[in-house]
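Coordinate analysis (summary)
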Amino acid sequence: MSEETKVMVIPCSGIGKAFGSIGREASYIAVEELRPGQTDTVCLSLLVMGDEETRDRVRGHPCISVDGCPTGCARKNIELAGGKIARALRVIDTYRQHHELKPVQVTELDEAGQRLAGLLAEEIAKQVDAVIQEVQ
Amino acid sequence: MTAQLKRKVGIISCSGEEICEGTVSRVATRLVLEKLCADRTVTLCLPLFLAGGQDERSFAKNYPTVAVDGCGKLCAAKATATYSAEPAAQVVVTEVAKRFPDLKADTRRNLGEAGMELAYRVAEEIAARVDELLSREAEVPQDATPAQGTQAGACSCQGGGVPTKEILVAGAPVEVVGLQPILARFHAADAPETELKAQILKMAKIYNYVPPEQESAYAEALWREFVSYRADGDANG
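Residues numbered from 1 in each chain as written. Chains lettered and ligands numbered in written order. Predicted model: local features only at pLDDT ≥ 70, side-chain atom pairs only at ≥ 80, totals over all residues. Heavy atoms only, no water.

Considering the overall build of chain B
On a plain count of helices and strands, chain B comes out with 10 helices and 6 strands. When burial is assessed residue by residue, chain B has 50% of its 237 residues classed as buried. Sequence-distant contacts in chain B: of pairs separated by 6 or more residues, those separated by 24 or more amount to 66%. Only carbon and sulfur atoms are counted for the fraction: they give 48% of the accessible area of chain B, which is about 10600 Å². (Helix = DSSP H or I, 4+ residues; strand = E, 2+ residues; numbered from the N terminus. Buried < 20%, exposed > 50% of the residue type's maximum accessible area, 1.4 Å probe, protein only. Contact = heavy atoms within 4.5 Å. Areas by Shrake-Rupley, 256 points an atom, 1.4 Å probe, with all protein chains shown as cover.)

What about the overall build of chain A?
Of the regular secondary structure elements, chain A holds 6 helices and 4 strands. Scanning chain A from its N terminus toward the C terminus, one meets helices and strands in the order β-α-β-α-α-β-α-β-α-α. Against the globule reference of 14 Å for 136 residues, chain A gives a C-alpha radius of gyration of 14 Å, in line with a compact fold. Based on the C-alpha atoms only, the size of chain A along its principal axes is roughly 40 × 30 × 20 Å. Within chain A, the fraction of its 136 residues that count as buried is 56%. For chain A, the share of sequence-separated contacts (at least 6 apart) that also reach a separation of at least 24 residues comes to 66%. Surface exposure of chain A reaches about 5800 Å², of which carbon and sulfur atoms provide 47%. (Rg over C-alpha atoms; globule rule 2.2 N^0.38 Å.)

Here's the deal with the interface of chain A and chain B
At the junction of the two partners, chain A supplies 34 residues and chain B supplies 33 residues. For the pairing of chain A and chain B, the buried interface totals around 2900 Å² over both sides, and the portion due to carbon and sulfur atoms is 58%. Applying the counting rule to chain A against chain B returns 4 salt bridges. Between chain A and chain B we count 18 residue pairs in polar contact (both at pLDDT 80 or more) in total. Sorting the residues of the side of chain A that touches chain B by element identifies α1 (18-34), α2 (44-48) and α4 (73-80) of chain A as the ones contributing at least two each. Its residues assigned to classes, the side of chain A that touches chain B comprises 15 nonpolar, 10 polar and 9 charged. (Buried area = accessible area lost by both parts, 1.4 Å probe. Salt bridge = Lys/Arg side-chain N within 4 Å of Asp/Glu carboxyl O. Polar contact = N/O pair within 3.5 Å; in protein donor to acceptor, adjacent residues only side chain to side chain. Nonpolar A, V, L, I, M, F, W, Y, C, P; charged D, E, K, R; others polar.)

Describing the domain arrangement of chain B
Here chain B is partitioned into domain 1 (3-135) and domain 2 (164-236). Put simply, the middle of domain 1 of chain B and the middle of domain 2 of chain B, counted by C-alpha atoms, are 31 Å apart. (Domains from an automatic or database assignment.)

Notes on the sheet that holds strand β3 (residues 62-67) of chain A
Residues and elements named next belong to chain A. Taken in spatial order, the 4 strands make up an open sheet running β2-β1-β3-β4, and their pairing is parallel. Lying at the two open borders of the sheet, with one neighbouring strand each, are β2 (39-40) and β4 (84-90). Two strands pair when backbone bridges link them, and strand β1 (residues 7-11) and β2 are joined in this way by 2 bridges, in the parallel orientation. Residue pairing in the sheet places Val7 in a bridge with Thr39 of β2. With respect to the sheet, α4 is in contact with β1, β3 and β4, its orientation differing from that of β3 by roughly 150°. In the packing of helix α6 (residues 111-135) onto the sheet, contacts are made with β1, β2, β3 and β4, and the angle to β4 comes to roughly 160°. (Pairing = 2+ DSSP bridges. Axes fitted to C-alpha atoms, helices over the stretch in contact; angles between N-to-C directions.)

So, the nonpolar core
Counting residues in hydrophobic clusters, the biggest one holds 29 residues, and the most contacted among them are Ile10(A), Val58(A), Ile12(B) and Phe59(B). Listed by contribution, the elements that provide at least two residues to this core are β1, α2 and α4 of chain A together with α2 (48-51) and α5 (75-83) of chain B. Ignoring any residue separated from it by four or fewer positions in sequence, one finds Ile10(A) in contact with Thr41(A), Val42(A), Leu44(A), Val58(A), Cys63(A), Ile64(A), Ser65(A), Val66(A), Ala74(A) and Ile78(A). (Core = buried A, V, L, I, M, F, W, Y, C linked by side-chain atoms within 4.5 Å.)

Some words on the sheet that holds strand β1 (residues 9-13) of chain B
Residues and elements named next belong to chain B. Taken in spatial order, the 4 strands line up as β2-β1-β3-β4 in an open sheet, and their pairing is parallel. Both edges of this open sheet fall to β2 (41-43) and β4 (89-92), since each of them pairs with a single strand only. Across the sheet, the mean angle from the axis of one strand to that of its neighbour is 25°, orientation sign disregarded. Bridge analysis of β1 against β2 gives 3 bridges, and the strand direction is parallel. What sits directly across from Val9, in β2, is Thr41.

Structure follows, in structure tokens:
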């Protein structure tokens, strides 16, 4: 697959709640295990600070934002940087479908958090496939 | 009557997703929030500076802040300075790591044993900065406590309001955090004007960013507020 059709998966990495850690973990699973070679990620903080190389990478690829909460920091910052949001995913939406999984720990995810991350990673991978189909 | 102020320090982590050091910065910050300084620290997601509103952007004005960066690009420190106020202290993971060359993280997703040990070392460095900041003089009435009721490790955006008042500094309106309780602390003080001015400014600087070049303007503005406050208090008995 060409470099241009890679999908950028960018989590908010929110640090105050478990949902931020789940979004980060899900993104790593999707990028490193489920869709390696088809996806990549960037430091959101670099994007926030206007790093040119990071902006170019984001502007040159379709992006999937992965936000922990409805504030939507990843989505908003990608848009502010001129990136195109192909999909905006939220941990809270995965949680709403799986209320039995109540994550508590933030630093090292507990079992519920790990399972939510796995479910969200599968959704990210599914959306990556759909986005790649759309741009080809 | 005054109570000892329970002050808090804000911690801003870069959490860079691309590199191991970003994960180390994040884990170290959480260790400080949860274990090393649980009752003395709060945090804010760095991307909230841009995505959030005025409350988020006044974070570093409300709290003395430690910026924790993974690499020399210093995103957390620069973002804090750009969107809020200059951080009071900085910790950079790559700098700490130079002192512990054997502690290398496995991957950005799984730090491994050595990576976790490095995160602990970085956390200790952050905690030392927190202790330094809190060791500075502070005793103001309890109602000046920033974000009272904020739980350990929570984002500041989940915390309570901080009492602020707008005053004129060199003719420009400026919001000052905790002004009334600070003035109350000095209401009955018996000291020369120059000394009181300096003490009020010093106390205000704990909770507010005062640009070095505007210190004298702030001192004068705070003094005007103090004189007015003391006159009102005397008039009301």
